[in-house]
Amino acid sequence: MLRKRYALAGLIAGMLSLLALGAAAQVDPDMDAVVAKALADPAFRESIVSESLEVIRSDASWGERYRAARILGGAGTEDCVAPLAALLADPDAAALARYALQPLPYPSVDAAFRKALAQATGAERLGLIASIRDRRDAGAVDALAGLLGDADHELVLAEVRALGEIATPEAVAQIAPLLDADDAALRHAAAEGCLAAAEQLAEAGQKDVAGGLYAKLLAPGWDAPVRAGAMSRSRSPRLLMRST
């Protein structure tokens, strides 16, 4: 319950992209087939990727630009990263550019998101944090940690949750102290982040670190959803098996 509750905040940052889903589905219901063809046919891929880059940078309709973003997200090459990254500072195109970039398996995407984060504001910055969170970019820990003192409360909460999803020791070190924060929302965001981090750490075999986080969240004083989340995860077969 707690995890679902806080995941909603990240979805808000990409609301425009999500609202486009219904309209875009009407534009081309066979989009998966288009992407599959591009991946199988190098010449078609080069053509459709070039066309999609032109469309996403144009004043075409939202549905057409969303279609282009989806093609680029599924079939884009590393050469797409720079032109898409240039759109991350454009409020009219930033959400589409992130949608296209986020699935691409290139380190240059992470570098582009980090660079854009340093200059972004408002909804664009929240959207970038959501993308960094979903890609679990360990290289962004310092950048996120540097913004934890920001005056934008919503931004700070999003950063805390992103650090929890990244789940490196450095990321956990940034959010664990916030379990004692005076601000209730910040304290609960830290709990959500620690739950996410502990789950990943357990999967990676770091059961002692995961167990320590769960122990903190089982302590008296936490509300029922937090303690229930920690209890269920701390008793998971994966953690118990690694503890034997």
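Residues numbered from 1 in each chain as written. Predicted model: local features only at pLDDT ≥ 70, side-chain atom pairs only at ≥ 80, totals over all residues. Heavy atoms only, no water.

A count of helices and strands for the protein gives 16 helices and zero strands. Counting across all 244 residues of the protein, residues that qualify as buried make up 47%. Long-range contacts, defined here as pairs at least 24 residues apart, represent 62% of the contacts in the protein between residues at least 6 apart. Within the structure as shown, the protein displays about 12000 Å² of accessible surface, and the carbon and sulfur contribution to it stands at 56%. (Helix = DSSP H or I, 4+ residues; strand = E, 2+ residues; numbered from the N terminus. Buried < 20%, exposed > 50% of the residue type's maximum accessible area, 1.4 Å probe, protein only. Contact = heavy atoms within 4.5 Å. Areas by Shrake-Rupley, 256 points an atom, 1.4 Å probe, with all protein chains shown as cover.)

Another point: the packing of aromatic side chains. What the rule picks out here adds up to one aromatic pair. Taking 5.1 Å as the distance between ring centres and 40 degrees as the angle between the ring planes, the aromatic pair formed by tyrosine 66 and tyrosine 99 counts as tilted. Here tyrosine 66 is found in helix 5 (residues 62–75), whereas its partner tyrosine 99 is found in helix 7 (residues 94–101), with 33 residues between them in sequence. Tyrosine 66 gets classed as buried once you look at its relative accessible area, which sits at 3%. Judged by relative accessible area, which is 30%, tyrosine 99 ranks as partly exposed. Here lysine 37 stacks its cationic end above the ring of phenylalanine 44, 4.4 Å away from the centre of that ring. (Phe/Tyr/Trp six-rings, centres within 6.5 Å; stacked < 30°, edge-to-face > 60°. Lys NZ or Arg CZ within 6 Å of the ring centre and 35° of its normal.)

Pairing is possible between side chains that carry opposite charge, provided their charged atoms lie close to one another. Applying the stated criterion across every chain, the model contains nine salt bridges. Arginine 135 is paired through a salt bridge with aspartate 110; the nearest N and O atoms lie 2.6 Å apart. Linking arginine 135 in helix 9 (residues 122–135) with aspartate 110 in helix 8 (residues 107–117), this pair joins segments that are 25 residues apart in sequence. Measuring nitrogen to oxygen at the nearest pair gives 2.9 Å for the salt bridge that ties arginine 133 to aspartate 134. Under the relative-accessibility criterion, arginine 133 is labelled buried at 19%. (Salt bridge = Lys/Arg side-chain N within 4 Å of Asp/Glu carboxyl O.)

With that settled, the discussion passes to helix 11 (residues 153–166). Along its 14 residues, helix 11 runs 20 Å from first to last C-alpha, staying within 8% of the 20 Å computed at 1.5 Å per residue. The element helix 11 is largely enclosed, with a buried count of 12 among its 14 residues. Those residues of helix 11 lying buried are Leu155, Val156, Leu157, Ala158, Glu159, Val160, Arg161, Ala162, Leu163, Gly164, Glu165 and Ile166. At the exit of helix 11 stands alanine 167, carrying a positive phi of roughly 60 degrees. (Expected span 1.5 Å × (residues − 1).)

Below, the discussion takes up helix 8. Those residues of helix 8 not exposed but buried are Val109, Asp110, Ala112, Phe113, Ala116 and Leu117. One face of helix 8 carries all of its buried residues, which in axial projection span an arc of 160 degrees. Across helix 8 from its buried face, at more than 90 degrees, point the exposed residues Pro107 and Lys115. (Arc of directions from axis to C-beta.)

Attention now moves to the side chain of serine 52. Within the secondary structure, serine 52 sits in helix 4 (residues 42–56). Discounting chain neighbours no more than four positions away, the residues touching serine 52 are Ala68, Ile71 and Leu72.

Ranked by internal contacts, the top residues of the largest apolar core, which has 75 residues, are Ile56, Leu72, Leu84, Leu101, Leu144, Val160 and Leu217. Residue contributions to this core peak at 10 residues, all from helix 13 (residues 184–203). The contact partners of leucine 101, leaving out residues within four places of it in the chain, are Val81, Leu84, Ala85, Leu88, Val109, Phe113 and Arg135. (Core = buried A, V, L, I, M, F, W, Y, C linked by side-chain atoms within 4.5 Å.)

Now for the packing of helix 4 against helix 5. Where helix 4 meets helix 5, the closest approach of the two axes is 8 Å, and the angle between their N-to-C directions is 140 degrees. In this view, helix 4 runs oblique relative to helix 5, as classed from their interaxial angle. The crossing of helix 4 and helix 5 is left-handed. Residue-level inspection shows Arg45, Ile48, Val49, Ser52, Leu53, Val55 and Ile56 of helix 4 in contact with helix 5, the latter providing Glu64, Arg65, Ala68, Ala69, Ile71, Leu72 and Ala75. When its residues are assigned to classes, the contact of helix 4 with helix 5 shows 10 nonpolar, one polar and three charged. (Axes fitted to C-alpha atoms, helices over the stretch in contact; angles between N-to-C directions. Parallel < 35°, antiparallel > 145°, perpendicular 65-115°, else oblique. Left-handed = near helix turned anticlockwise from the far one by under 90°. Nonpolar A, V, L, I, M, F, W, Y, C, P; charged D, E, K, R; others polar.)

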